[in-house]
Amino acid sequence: MSHRHAEIAAAFNAGVKLSDRVPQGRGGSLAADLRASFPLWRFRTVFDVGANVGQTADGFSEDFRDADIYCFEPGRWAFGELKRNIEHGVWHNVQAYCCAVGERVGELDLYVPVETALASAMVREGAPERVPVITVDGFCAEKGIEQIDVLKIDTEGYELLVLAGAAKMLAAGKISAVLVETILHAQYSSPRFVHLDALTAALPNHELFGLYDQRPCILGRQSLAYLNAAFVLKSLFTGDHR
């Protein structure tokens, strides 16, 4: 058994069940898996919440060439690097906003550790930065965005609040897929991560589609520390898509 297959097996051993309504063998490339499972899907709008310096946006720009990609990064240093990467790269379809995304519009203290760019509002390590907060619902209303094809969230423990601020779009079935960083095992609990069970409960209209970017736990190679879980709108499995 390969290392990646061992990790997937560990996920199933933890009680995680992926949708069986589409072809199996997922977990390599989200874009490739979505296209294989939903060949008529045309990706037009992608949100990267917690974009950092653009690591995910780099891949999204290639994977979703015809989509508008909106990046949100509240940390001033990381946002500066993100802007430079956009200006000096080949990301013709990427735009960036220096703000946090949360449950309601306002401000919050973002803590930025000295030795890492992994800023967090949930972990009080490092110097605080006061940053503006927007919501997914509010941003979409302001920009006239009617549908989000992929909503990626990596916000160091703030993921549920991001989803709370997208409540209207989620309830209306206007967010087709959600890719979010999470953990499976209680042994690896951290305020920087939200457990998969909590995310599943927060996304009742979506179904767990695939597990990506698995990171092995220090407890052993048969356990996963954290990963990205992809959820897809349940109505898409019946062919109900715009």
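The written sequence of each chain sets the order in which its residues are numbered from 1. Local features are withheld for residues below a pLDDT of 70 in this predicted model, meaning they are given only at 70 or higher, and side-chain atom pairs are given and counted only at 80 or more; totals for whole chains, interfaces and linings count all residues. Excluding hydrogens and water, the side-chain figures rest on all heavy atoms present in the structure.

## Let's talk about the pattern of salt bridges
Item 1. Salt bridges are counted wherever a side-chain nitrogen of Lys or Arg sits within 4 Å of a carboxyl oxygen of Asp or Glu. Applying the stated criterion across every chain, the model contains six salt bridges.
Item 2. Across the pair Lys 152 and Asp 48 runs a salt bridge, and its minimum N-O distance is 2.6 Å. Placement of Lys 152 in strand β7 (residues 148-153) and of Asp 48 in strand β1 (residues 45-49) is noted, with a sequence separation of 104 residues between them. For the pair Lys 152 and Asp 48, one class covers both residues: buried.
Item 3. Among the salt bridges present, the one from Arg 130 reaches Asp 109, with a minimum N-O distance of 3.2 Å. Here the residue Arg 130 occupies a position in strand β6 (residues 127-134), and Asp 109 occupies one in strand β5 (residues 106-112), the gap between them amounting to 21 residues.
Item 4. Take Asp 109: its relative accessible area is 31%, and that puts it in the partly exposed class.
Item 5. Residues participating in the shared-partner salt-bridge network are Glu 107, Asp 109 and Arg 130. Helical segments are the DSSP runs of H or I of at least four residues, strand segments are the runs of E of at least two, and each set is numbered from the N terminus. Buried residues are those whose accessible area, probed at 1.4 Å on protein chains only, stays under 20% of the maximum for their type, while exposed residues exceed 50% and partly exposed ones sit between those limits.

## A few points about the packing of aromatic side chains
Item 1. By convention, a stacked pair of Phe, Tyr or Trp rings (six-membered ring in the case of Trp) has centres within 6.5 Å and planes under 30 degrees apart, an edge-to-face pair has planes over 60 apart, and any other such pair is tilted. Taken as a whole, this structure holds 14 aromatic pairs when the rule is applied.
Item 2. Where Phe 72 meets Phe 139, the ring centres are 5.0 Å apart and the plane angle is 85°; that geometry is what we call edge-to-face. Pair noted here: Phe 72 is in strand β2 (residues 68-72) and Phe 139 is in helix α5 (residues 136-143), with a separation of 67 residues, a long-range link. Each member of the pair, Phe 72 together with Phe 139, is buried.
Item 3. Aromatic ring contacts, followed pair by pair, group Phe 38, Trp 41, Phe 43, Phe 60, Phe 64, Phe 209 and Phe 237 into a single cluster.

## Comments concerning the confidence of the model for the chain
Item 1. In predicted models, pLDDT denotes the confidence assigned by the predictor to each residue on a 0 to 100 scale. Taken as a whole, the chain shows an average pLDDT of 83; of its residues, 74% reach a score of 70 or greater.
Item 2. When checking whether two residues touch, look at their non-hydrogen atoms; a contact exists if any pair is within 4.5 Å. Low pLDDT (under 50) marks residues 1-13, which in the prediction has 24 contacts with non-local residues, meaning those over four places away or in another chain.

## Examining the nonpolar core
Item 1. For this analysis, a nonpolar core means a set of buried residues of the types Ala, Val, Leu, Ile, Met, Phe, Trp, Tyr and Cys, connected via side-chain atoms within 4.5 Å. Phe 47, Ile 148 and Phe 231 are the most contacted members of the largest nonpolar core, which totals 38 residues.
Item 2. Here Phe 231 is in contact with Ser 176, Ala 177, Val 178, Val 180, Leu 196, Leu 199, Thr 200, Leu 203, His 206, Glu 207, Leu 208 and Phe 209, once residues within four sequence places are set aside.
Item 3. Counting 30 residues, the second-largest nonpolar core is a separate cluster that includes Trp 41, Ile 86, Leu 236 and Phe 237.

## Some words on the state of the cysteines
Item 1. Note that a disulfide, as used here, is simply two cysteine sulfur atoms within 2.5 Å. Enumeration over the complete set of coordinates arrives at zero disulfides.
Item 2. Cysteine Cys 98 remains unbridged, with the sulfur of Cys 99 as its closest cysteine sulfur at 7.1 Å.

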